[in-house]
Amino acid sequence: MATDLHELLRSLRVWDPETTELPAFDPAAAPGDPLALFTEWFAQAVAAGQTEPHTMSLATADADGTPDVRIVMLHGADADGWSFATHAGSRKGRQLAARPYAALGFYWPVQGRQIRVRGPVTAAPSQEGQADLHARSTGALAAALTGRQSEVLGTTEELARASEQAWEQARREPDAPVPSWTLYRLRPEEVEFFQGDARRRHVRLRYRRTEAGWATELLWP
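Residues numbered from 1 in each chain as written. Predicted model: local features only at pLDDT ≥ 70, side-chain atom pairs only at ≥ 80, totals over all residues. Heavy atoms only, no water.

To continue, consider the overall build of the protein. Each helix and strand in the protein was counted, giving 6 helices and 10 strands. Here the C-alpha coordinates of the protein stretch approximately 60 × 55 × 40 Å along the principal axes. In the protein, which comprises 221 residues, the proportion classed as buried is 34%. Pairs at least 24 residues apart make up 65% of the contacts formed inside the protein by residues separated by at least 6 positions. Within the structure as shown, the protein displays about 13,300 Å² of accessible surface, and the carbon and sulfur contribution to it stands at 52%. For the protein, the centre of its 24 positive side-chain charges and the centre of its 29 negative side-chain charges are spaced 4 Å apart. (Helix = DSSP H or I, 4+ residues; strand = E, 2+ residues; numbered from the N terminus. Buried < 20%, exposed > 50% of the residue type's maximum accessible area, 1.4 Å probe, protein only. Contact = heavy atoms within 4.5 Å. Areas by Shrake-Rupley, 256 points an atom, 1.4 Å probe, with all protein chains shown as cover. Lys, Arg positive; Asp, Glu negative; His and termini not counted. Charge placed at Lys NZ, Arg CZ, Asp CG, Glu CD.)

This is the structure we're talking about:
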């Protein structure tokens, strides 16, 4: 029997109390810098058993303004911004070259939390990107060495051959350079923290960067 998508969707529930604990969030007690709150929430997500909390949605747009989104990994967050990496010639790399502005989205359902970040994006110096790559796993280096990200692939066999060669090189040369590999940093202009509530009285706290520092405001859910 074919699956009825709409029936299946209606059967699902958000934040099942058997698996989800919605913590209280007092925005009046939030720190003045969004990075401090992000670090606190990230640590709490890890402690709560959230699967892959370091994955995030990355939204970009091409030269015509057509939006795009995909899941990538957070490589770090500090005073310079939230960082991620990719090949400069990939679709997202080309989009960032055309429109160097992006948005990030984190969703941690185990606690009913979302974080949204947006702002301009810059490429870090090449040596920083290479250092970031070589600090990761052999598999990460092999994937980067395989290259040709976002290009049309003829067959899966072609990918298997290229990947096997890349794995061999990564094991043989753990410091092999990948010139196209680029570390990007998003400098946030806005950061929003969303805490879900069982009665739908969700708390939304937005930080906005101003000349005087960070300003905060609450948003209707």
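Among the surface-exposed residues, Leu 5, Leu 8, Leu 9 and Leu 12 lie close enough to one another that they form a single nonpolar patch of about 400 Å² accessible area. Examined against the element boundaries, Leu 8 turns out to sit in helix 1 (residues 5-11). Given a relative accessible area of 44%, Leu 8 falls into the partly exposed group. (Patch = residues over 30% accessible without salt bridge, like charges linked within 9 Å, V, L, I, M, F, W, Y side chains within 5 Å. Salt bridge = Lys/Arg side-chain N within 4 Å of Asp/Glu carboxyl O.)

Right, let's get into the pairing of strand 1 (residues 55-61). Bridge count between strand 1 and strand 2 (residues 67-73): 7 bridges; the pairing is antiparallel. Note on strand 2: the bridge partner recorded for Ala 61 is Pro 67. Connecting strand 1 to the antiparallel partner strand 2 that follows it, the hairpin turn spans 5 residues, and Gly 65 within it adopts a positive phi of roughly 90°. Across 3 bridges, strand 1 lies against strand 5 (residues 101-108) in antiparallel orientation. Considered in strand 5, the bridge of Leu 58 is made with Leu 104. (Pairing = 2+ DSSP bridges.)

Phi angles above zero are rare outside glycine, and Trp 15 is one such case at about 60°. Its place among the elements puts Trp 15 in the loop between helix 1 and helix 2 (34-47).

Formed by 27 residues in total, the largest nonpolar core has its most connected members in Trp 82, Phe 106 and Ile 115. Residue contributions to this core peak at 5 residues, all from helix 2. Counting residues in each nonpolar core, the second largest holds 11 residues, with Ala 85, Leu 133, Leu 141 and Ala 166 among its members. (Core = buried A, V, L, I, M, F, W, Y, C linked by side-chain atoms within 4.5 Å.)

Below, the discussion takes up the side chain of Glu 192. Along the chain, Glu 192 turns up in strand 8 (residues 190-195). Owing to a relative accessible area of 7%, Glu 192 belongs among the buried residues under this scheme. Here Arg 204 takes part through its side chain, which lies 2.7 Å from a polar atom of the side chain of Glu 192. Contacts of Glu 192, omitting those with residues within four sequence positions, involve Gln 114, Ile 115, Arg 116, Arg 204, Leu 205, Arg 206 and Leu 219. (Polar contact = N/O pair within 3.5 Å; in protein donor to acceptor, adjacent residues only side chain to side chain.)

Here Pro 34 lies in helix 2. You can call Pro 34 buried: its relative accessible area is 1%. In contact with Pro 34, other than residues within four places in its own chain, are Val 191, Phe 193, Tyr 207 and Trp 214.

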